[in-house]
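Per-entry structural report
So the chains spell out like this:
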Number of protein chains: 2
Amino acid sequence: MYQPTVTEENYLKAIYHLSNTGTKSVNTSSIATSMETTAASVTDMLRKLSDKEWINYEKYKGVKITRKGEKVALGIIRKHRLWEVFLTNILEFEWDEVHNMAEELEHVSSEELIKRLDKFLGHPKFDPHGDPIPDQTGKMESHDKFNLSAGEAGEKYIITGVTDHSTLFLKHLRKYGLLPGVTVSIAEIMDYDKSMLVKVSKDKFHLSLEVSKNILIKKYVSSK
Amino acid sequence: MYQPTVTEENYLKAIYHLSNTGTKSVNTSSIATSMETTAASVTDMLRKLSDKEWINYEKYKGVKITRKGEKVALGIIRKHRLWEVFLTNILEFEWDEVHNMAEELEHVSSEELIKRLDKFLGHPKFDPHGDPIPDQTGKMESHDKFNLSAGEAGEKYIITGVTDHSTLFLKHLRKYGLLPGVTVSIAEIMDYDKSMLVKVSKDKFHLSLEVSKNILIKKYVSSK
DNA sequence: TTATAAGTTTAGACAAATCTAAAAATAGTA
DNA sequence: TACTATTTTTAGATTTGTCTAAACTTATAA
Ligand SMILES: [Mn+2]
Ligand SMILES: [Mn+2]
Ligand SMILES: [Mn+2]
Ligand SMILES: [Mn+2]
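Described in the following lines is the structure provided in the data block. (Residues numbered from 1 in each chain as written. Chains lettered and ligands numbered in written order. Predicted model: local features only at pLDDT ≥ 70, side-chain atom pairs only at ≥ 80, totals over all residues. Heavy atoms only, no water.)

1. Section: the protein's contact with DNA strand C
By nearness alone, 21 residues border DNA strand C, and Arg47 and Tyr57 of chain A together with Thr5, Thr37 and Ser41 of chain B come closest of all. Within 4 Å of the protein, atoms of DNA strand C come from sugar and phosphate in 73% of cases. Taking Thr37 of chain B, its side chain carries an N or O atom lying 2.3 Å from a phosphate oxygen of DNA strand C. Tyr60 of chain B places a side-chain nitrogen or oxygen 3.3 Å from a sugar or linking oxygen of DNA strand C. Of all the secondary structure elements, the ones that give two or more residues to the surface near DNA strand C are helix 2 (28-35) and helix 3 (39-51) of chain A together with helix 1 (6-18) and helix 3 (39-51) of chain B. With five residues, the top contributor of residues to the surface near DNA strand C is helix 3 of chain B. (Near = heavy atom within 4 Å. Polar contact = N/O pair within 3.5 Å; in protein donor to acceptor, adjacent residues only side chain to side chain. Helix = DSSP H or I, 4+ residues; strand = E, 2+ residues; numbered from the N terminus.)

If you want it as structure tokens, here you go:
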């Protein structure tokens, strides 16, 4: 119907993420924080997004994204994550370097371009941070992830992603080789501070709860 | 010094192209035509570009791009042409399909991205239309091109580019296989309308003056 | 249940980029 | 040279996205 502006695309993406992939309703101030702007600006924009039927908005009641809005948001997220795959896999950037470039590339509008990029990359299902890539219809894989901090001593896990996407955290994990796909065994969990001793290939080292809380894992299974 | 906006980048690129790669001075109305806007809007923008020292501007006297402005323009042109190479060589788009996508991609700001893209593509010297790609310092190759319409009967030439970049023209040439790098022999030039009979690999066909005027060539030499 | 705090919206303003209409400058030509 | 025609600039508005400060609504807790 309407062609969203870059700003509108960014608002819709933020609302979608804040609403826990479209489910919860979101309040003005959390959008303001995430967009690094003022509540007044957000209110202005919410009225516009509502006029275009991308969100349901009632004064003082918060917003819920509509199907239409969700479609826009998922399109942007698809582009963002595909470009991140391109930047890491093809141009050999590190996983902590790609986000800001993808923030620009995600607004390049051609659908045909993203279709061919997807094909060229081999139709990847996940981005470098382990986040699922929606297909053209908005569907994406969602394997049951949980936090490494909830893992048990003696068990073996595979890293599937992170909950903290900051450069600082990603760089920190890279130093330890803690990337999606890597196998981690928990050797010991300290009672005192819930820090853990883990084994990654041949290395053994300590992870604080602060770190383990932000790593997503799944159970290790030999096949697949 | 200043960070140009996307609009400022587009104005500088247009001024650079209109000034015949920085040499001639350019008037307001030609910029307006090329930017598909009004002379009034151009005047407004010229004042801004002048304030930022990207052009020398005096009321009613036309503009000349400065060294600084030329550097900005060449940076954008470099990005545009590298993305066009990416789109044709890697994503397998046709040469008549890539321009509009490159118009968006050229404004993605990361210098490191373009550096790595350049490397990934093998440091190409020309884009799909035969236009030279500036290096990081703004230097580019410029082989002595002339129009096919100035070629002689019985001579053999190599296509190096086009002067008309419209989709319609590029599509037309693609139908005949007339792309940069292709060898063309002029069999006969008609006195009446200056149309020419040409041989391209095994095919022989007629080209109107309208077409031959817009094809750039260089003399054929067996080596190199 | 009422006061206060927290969150949200409105009012009014601003910068960037654009437009139309009118005024001013320059160019072309008799 | 003097009169038009063309080009360019100015004046005044508009749209988008933003801001601060003030007003208003809702939540919290004494
Ligand atoms: Mn990202
Ligand atoms: Mn990511
Ligand atoms: Mn182009
Ligand atoms: Mn080109």
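2. What about the coordination of the manganese ion (ligand 2)?
All names here are of chain A. The protein atoms donating to the manganese ion (ligand 2) are Glu84 (OE), Asp127 (OD) and His129 (ND1), with metal-donor distances spanning 2.1 to 2.3 Å. Between consecutive donor residues of the manganese ion (ligand 2), the sequence gaps follow E-x42-D-x1-H. Given a relative accessible area of 3%, His129 falls into the buried group. (Donors = N, O, S within 2.8 Å, 3.2 Å for Na, K, Ca; no water. Buried < 20%, exposed > 50% of the residue type's maximum accessible area, 1.4 Å probe, protein only.)

3. Description of the sheet that holds strand 5 (residues 183-189) of chain A
Residues and elements named next belong to chain A. Read from one edge of the open sheet, six strands run 3-8-4-5-6-7, paired in antiparallel fashion. Both outer strands of the open sheet, strand 3 (146-147) and strand 7 (203-207), are each paired with one neighbouring strand and no more. Across five bridges, the pairing between strand 6 (residues 196-200) and strand 7 is antiparallel. What sits directly across from Leu197, in strand 7, is His206. (Pairing = 2+ DSSP bridges.)

4. Details of the protein's contact with DNA strand D
Around DNA strand D, 20 residues are found, and the nearest of them are Thr5, Thr37 and Ser41 of chain A together with Arg47 and Tyr57 of chain B. A share of 73% is what sugar and phosphate atoms reach among the atoms of DNA strand D within 4 Å of the protein. Between Ser41 of chain A and DNA strand D, the recorded distance is 2.7 Å, taken from a side-chain N or O atom to a phosphate oxygen. One of the side-chain N or O atoms of Thr43 of chain B is found 2.8 Å from a phosphate oxygen in DNA strand D. Of all the elements in the fold, those that place two or more residues in the surface near DNA strand D are helix 1 (6-18) and helix 3 of chain A together with helix 2 (28-35) and helix 3 of chain B. Of the residues contributing to the surface near DNA strand D, the split by class is seven nonpolar, nine polar and four charged. (Nonpolar A, V, L, I, M, F, W, Y, C, P; charged D, E, K, R; others polar.)

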